[in-house]
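# Structure at a glance
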Amino acid sequence: MLDKLTAAVLGVVNEGSDGSYKVMDISDFLSALPGKLGADEAGVESAIKYLSERAYIDVRYSDKGTYCLSSLPKGRTYAETAAEEEAKRKKRGGFFALFFGALAGAFLGALAAGLILPFLL
């Protein structure tokens, strides 16, 4: 499992990638990453190194913040699997919200009926 910054860097590499190499600067990564991650040059460089060591991406060369890299099948598969898991998580969260909402509604309805019924009899 990748951390958020590394997964986001992998996502930037995977964008529009068909397995061919592309040249990217650190500034390309920093502009594409969400600001909430607080990414800096050192973090992006370490994420690229981590991904390369674990065969998610292939770095053909790197020179002073410029990288020629390509996404490998493991990296593309990770991105697809992560998207599917996120969809399942959202669906499961919606189910639990629906279930507990119905449970709370039934409880409040029974409570209201119990409070009102003695006054009608």
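Each remark here, short or long, concerns the structure printed above.
Residues numbered from 1 in each chain as written. Predicted model: local features only at pLDDT ≥ 70, side-chain atom pairs only at ≥ 80, totals over all residues. Heavy atoms only, no water.

### Description of helix α1 (residues 4-14)
The cut-off we apply is this: Buried residues are those whose accessible area, probed at 1.4 Å on protein chains only, stays under 20% of the maximum for their type, while exposed residues exceed 50% and partly exposed ones sit between those limits. The helix and strand labels rest on DSSP assignments: H or I over at least four residues marks a helix, E over at least two residues marks a strand, and numbering proceeds from the N terminus. Residue contacts are counted whenever heavy atoms from the two residues lie within 4.5 Å of one another.
Of all the 11 residues making up α1, eight are buried; the element is thus mostly covered by neighbouring parts of the structure. Regarding α1, the residues found buried are L5, T6, A8, V9, L10, V12, V13 and N14. Buried residues belonging to α1 abut β1 (22-25), α2 (26-32), α3 (41-53), β2 (57-63), β3 (66-71) and α4 (73-120).

### As for the packing of aromatic side chains
What counts is decided by this rule: Ring pairs shown here join Phe, Tyr and Trp side chains whose ring centres sit within 6.5 Å, with only the six-membered ring taken for Trp; geometry is labelled stacked below 30 degrees between planes, edge-to-face above 60, and tilted in between. Our definition puts a charge over a ring when NZ of Lys or CZ of Arg is within 6 Å of the ring centre and also within 35 degrees of the ring normal.
A full pass over the atoms with the stated rule returns two aromatic pairs. Centroid distance Y56 to Y78: 5.9 Å. Interplanar angle 80°. Geometry classified as edge-to-face. Linking Y56 in the loop between α3 and β2 with Y78 in helix α4, this pair joins segments that are 22 residues apart in sequence. Neither Y56 nor Y78 differs from the other in exposure class; each is buried. Plain terms: the ring middles of F99 and F100 are 5.2 Å apart, the flat faces sit at 75° to each other, and that makes the pair edge-to-face. The aromatic ring of Y21 is capped on one face by R60, whose charged end is 3.8 Å from the ring centroid. In this structure, K74 packs its charged tip against the face of Y56, placed 4.7 Å from the ring centre.

### Let's talk about the pattern of salt bridges
As a reminder, the rule being used: The term salt bridge refers to a side-chain nitrogen of Lys or Arg lying within 4 Å of a carboxyl oxygen of Asp or Glu.
By the definition in use, this model includes one salt bridge. Where R54 meets E53, a salt bridge forms, and the shortest distance between an N and an O atom there is 3.3 Å.

### Section: the side chain of S71
For the record, the criterion: Any pair of nitrogen or oxygen atoms within 3.5 Å is treated as a polar contact; in protein, a donor-acceptor pairing is required on top of that, and neighbouring residues in sequence qualify only through side-chain atoms on both sides.
One can find S71 in strand β3. Judged by relative accessible area, which is 2%, S71 ranks as buried. A polar contact of 2.4 Å, which involves the side chain of S71, links it to the side chain of N14.

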